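# Breakdown of the fold
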Amino acid sequence: MFCRKCGAALPGGSAFCPKCGTPVIGAPGGTGGNSSGQQAAGGHRFSLLSVQGWFTGKWRMSRQEFWIRVLILQGIGYILDYFAMQLPDDTESYSGAQTAFMFAALAVCIVLAVSCYLIYVRRLHDINSSGYVVIPIIIIDLSVLVVDIMVTDDSSIFGFEDLVNAIELVMLGSIRGTDGQNRFGPDTKARRSGGTDV
């Protein structure tokens, strides 16, 4: 069993985590149930509504959770991109509301990018790779973004940046996680009744 907060291994019969002091769910002196939905039988799981699930680089992430979270982020990004493309090209002609929208959209895009790279880190942990592998991915993404801005016209919805991003997603989302516990936490593959991995 592992701590639902820090992921440390728990000795049998522990009421509290020896590393961070979090009460152990179901243990005497711990909490009676799992109201936060953070830990399931397959390891660390976060609700889609949990902020921590979107902004943590700790623990592992299953392929299923990876694809759900990435598709949500991509959808939000494309919606913002669509509305931004409706604005005039001449930024000096923007109204106050249009300027505010552009700054808000930029802030949301930065938050989405941070969340996306933390999701990449958790997925790398599931294949027993260091989260630092995401640094070259960030450098490649920024380089491609700069080239995409300089080379492509504004009418292009799908550019070179999107192609590189799709390659990253397929690579990270298709590699099977390590079986059993690895150095980043317990196995994320929940077993169905038929015994197949999710």
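These numbers come from a predicted model, not from an experiment. (Residues numbered from 1 in each chain as written. Predicted model: local features only at pLDDT ≥ 70, side-chain atom pairs only at ≥ 80, totals over all residues. Heavy atoms only, no water.)

Let us now look at the packing of aromatic side chains. Tallied over the entire structure, the rule returns 4 aromatic pairs. When the centroid spacing of 5.4 Å and the interplanar angle of 75° are considered together, the rings of Phe66 and Trp67 count as edge-to-face. With relative accessibility at 0%, the residue Phe66 sits in the buried group. Chaining the aromatic ring pairs together yields one cluster made of Phe66, Trp67, Tyr117 and Tyr120. The residue whose ring lies beneath Arg69 is Trp54, and the NZ or CZ to ring-centre distance is 4.6 Å. (Phe/Tyr/Trp six-rings, centres within 6.5 Å; stacked < 30°, edge-to-face > 60°. Buried < 20%, exposed > 50% of the residue type's maximum accessible area, 1.4 Å probe, protein only. Lys NZ or Arg CZ within 6 Å of the ring centre and 35° of its normal.)

A word on the pattern of salt bridges. Two side chains carrying opposite charge are able to pair once their charged atoms lie near each other. Enumeration according to the criterion identifies 6 salt bridges in this entry. A salt bridge links Arg122 to Glu65; the shortest N-O distance between them is 3.6 Å. Taken together, the residues Arg122 in helix α3 (residues 96-126) and Glu65 in helix α2 (residues 63-85) connect sequence positions 57 residues apart. As far as the burial class goes, Arg122 and Glu65 line up, both buried. The closest approach of N and O atoms between Arg123 and Asp126, which form a salt bridge, is 2.5 Å. Of this pair, Arg123 and Asp126 both sit in helix α3, 3 residues apart, which is roughly one turn of that helix. (Salt bridge = Lys/Arg side-chain N within 4 Å of Asp/Glu carboxyl O. Helix = DSSP H or I, 4+ residues; strand = E, 2+ residues; numbered from the N terminus.)

For the rest of this paragraph, the subject is unusual backbone geometry. One non-glycine residue, Trp59, lies in the positive phi region at around 70°. Among the structural elements, Trp59 can be located in the loop between α1 (51-54) and α2. Classification of Trp59 by relative accessible area gives buried; the value is 5%. One non-glycine residue, Asn128, lies in positive phi territory at about 65°. Inspection of the secondary structure assignment puts Asn128 in the loop between α3 and α4 (134-151). Accessibility expressed as a relative area gives 30% for Asn128, which makes it partly exposed.

Below, the discussion takes up the packing of α3 against helix α5 (residues 160-174). The geometry of α3 relative to α5 is characterised by a closest axis approach of 10 Å and an angle of 35° between their N-to-C directions. Contacts between α3 and α5 pair Tyr120, Arg123 and Leu124 from the former with Asn165, Glu168, Leu169, Leu172 and Gly173 from the latter. Taken together, the residues of the contact of α3 with α5 break down into 4 nonpolar, 2 polar and 2 charged. (Axes fitted to C-alpha atoms, helices over the stretch in contact; angles between N-to-C directions. Contact = heavy atoms within 4.5 Å. Nonpolar A, V, L, I, M, F, W, Y, C, P; charged D, E, K, R; others polar.)

Packing of α2 against α3 leaves a shortest axis separation of 10 Å and a crossing angle of 165°. Between α2 and α3, the angle falls in the class roughly antiparallel. Remark: the crossing between α2 and α3 carries left-handed chirality. For the pair formed by α2 and α3, the contact residues are Arg63, Glu65, Phe66, Arg69, Val70, Leu73, Ile76, Gly77, Leu80, Phe83 and Ala84 on the first element and Phe101, Met102, Ala105, Val108, Cys109, Leu112, Ser115, Cys116, Ile119, Tyr120, Arg122 and Arg123 on the second. (Parallel < 35°, antiparallel > 145°, perpendicular 65-115°, else oblique. Left-handed = near helix turned anticlockwise from the far one by under 90°.)

Moving on: the side chain of Asn182. Relative to the assigned elements, Asn182 resides in the segment after α5. Here the side chain of Asn182 touches Phe184 through a polar contact of 2.8 Å, landing on its backbone nitrogen. With sequence-adjacent residues up to four places away left out, Asn182 is seen in contact with Arg60, His125, Asp126 and Asn128. (Polar contact = N/O pair within 3.5 Å; in protein donor to acceptor, adjacent residues only side chain to side chain.)

We now examine the nonpolar core. In terms of nonpolar packing, the biggest core is built from 19 residues, with Phe66, Leu73, Ile119, Tyr120 and Val134 touching the most fellow members. At the level of elements, α2, α3, α4 and α5 are the ones that each hand at least two residues to this core. By residue number, the principal contributor to this core is α3, which donates 8 residues. Ile119 has contacts with Trp54, Met61, Phe66, Arg69, Val70 and Leu73, leaving out every residue within four places of it along the chain. Cys3, Cys6, Ala8 and Leu10 belong to the second-largest nonpolar core, a separate cluster that totals 6 residues. (Core = buried A, V, L, I, M, F, W, Y, C linked by side-chain atoms within 4.5 Å.)

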